[in-house]
Amino acid sequence: MKTATRRFAVPAGVAAITIAATGYVAAVDPNAAGHYPACPFLAVSGFFCPGCGSLRAVHALAHGDPLAALSLNPLFTLTAPVLLYLWARWAYAAWTGRRMTTVLARPVFARGFVAVALVFWVVRNLPFGRFLAP
């Protein structure tokens, strides 16, 4: 049987990578040109993808500005706390050796999120949905 430390290694690794990436985005401003590649979907089609504005939203959140993050990518900004909650449940389950149980892990929620993301993708590119554009 694995020890708690070995079971917790993968969630801890995911947290370390996420913290490092967030730290990099916090330090290197995505609002300044030339630091990050452009969105390939936007470059090819001229339309915003569901992720457009996420780097700038992470930068805004890292600098304590949730309203700016919300205006840059509301889907990401509202999903980030849910992802943090799911990571915490996963880490706890790994540490205790139990199975992760949460209502949010059910397939219906994953399908619902995909549906919301698709609607968000379409609406942010329509004239009446420009307020959702980054």
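Whatever comes next refers back to the structure up there.
The rules we used
- Residues numbered from 1 in each chain as written.
- Predicted model: local features only at pLDDT ≥ 70, side-chain atom pairs only at ≥ 80, totals over all residues.
- Heavy atoms only, no water.
- Phe/Tyr/Trp six-rings, centres within 6.5 Å; stacked < 30°, edge-to-face > 60°.
- Helix = DSSP H or I, 4+ residues; strand = E, 2+ residues; numbered from the N terminus.
- Buried < 20%, exposed > 50% of the residue type's maximum accessible area, 1.4 Å probe, protein only.
- Expected span 1.5 Å × (residues − 1).
- Bend = angle between axes of the 7 residues up to and from the residue.
- Contact = heavy atoms within 4.5 Å.
- Disulfide = S-S within 2.5 Å.
- Polar contact = N/O pair within 3.5 Å; in protein donor to acceptor, adjacent residues only side chain to side chain.

*Asks:* Explain the packing of aromatic side chains here, please?
*Replies:* Aromatic ring pairs are defined here through the distance separating the ring centres and the angle between the ring planes. In this structure the tally under the stated criterion is three aromatic pairs. Measuring from ring centre to ring centre gives 5.6 Å for Phe8 and Trp95, while their planes differ by 90 degrees; the resulting arrangement is edge-to-face. Pair noted here: Phe8 is in helix 1 (residues 4-27) and Trp95 is in helix 5 (residues 74-96), with a separation of 87 residues, a long-range link. On the accessibility criterion, Phe8 (25% relative accessible area) is partly exposed. Between Tyr24 and Tyr36, the aromatic rings sit 6.0 Å apart at their centres with planes inclined by 80 degrees, giving edge-to-face as the arrangement. With Tyr24 in helix 1 and Tyr36 in the loop between helix 1 and helix 2 (40-45), this pair connects stretches of sequence that are 12 residues apart.

*Asks:* Looking at this structure, how should I read helix 5?
*Replies:* Since one α-helical turn is 3.6 residues long, residues separated by three or four positions face the same way. With 23 residues, helix 5 ought to run about 33 Å at 1.5 Å a step, and its terminal C-alpha atoms sit 34 Å apart, in line with that. Roughly 30 degrees is the biggest bend found in helix 5, and it falls at Ala80, with proline Pro81 one to four residues downstream. Among the residues of helix 5, those classed as buried are Pro74, Leu75, Thr77, Thr79, Ala91, Ala93 and Ala94. Those residues of helix 5 that are buried lie in contact with helix 1, helix 3 (54-62), helix 4 (66-72) and helix 6 (107-123). Once helix 5 ends, the next one or two residues include Gly97, with phi positive near 80 degrees.

*Asks:* Whenever I open this one, the state of the cysteines confuses me. Can you help?
*Replies:* Joining two cysteines, a disulfide is a covalent bond between their sulfur atoms. For the coordinates displayed, the defined rule picks out zero disulfides. In this structure Cys39 is not part of a disulfide, and its nearest cysteine sulfur, from Cys52, lies 3.6 Å away. Its relative accessible area of 8% is what places Cys52 among the buried residues.

*Asks:* Help me out: how do you make sense of the side chain of Thr102 in this one?
*Replies:* Checked against the element boundaries, Thr102 lands in the loop between helix 5 and helix 6. Thr102 sits in the buried class, given a relative accessible area of 15%. For Thr102, the side chain forms a polar contact with the side chain of Tyr85, separated by 3.5 Å. Residues in contact with Thr102, not counting those within four places in the same chain, are Tyr85, Leu86 and Arg89.

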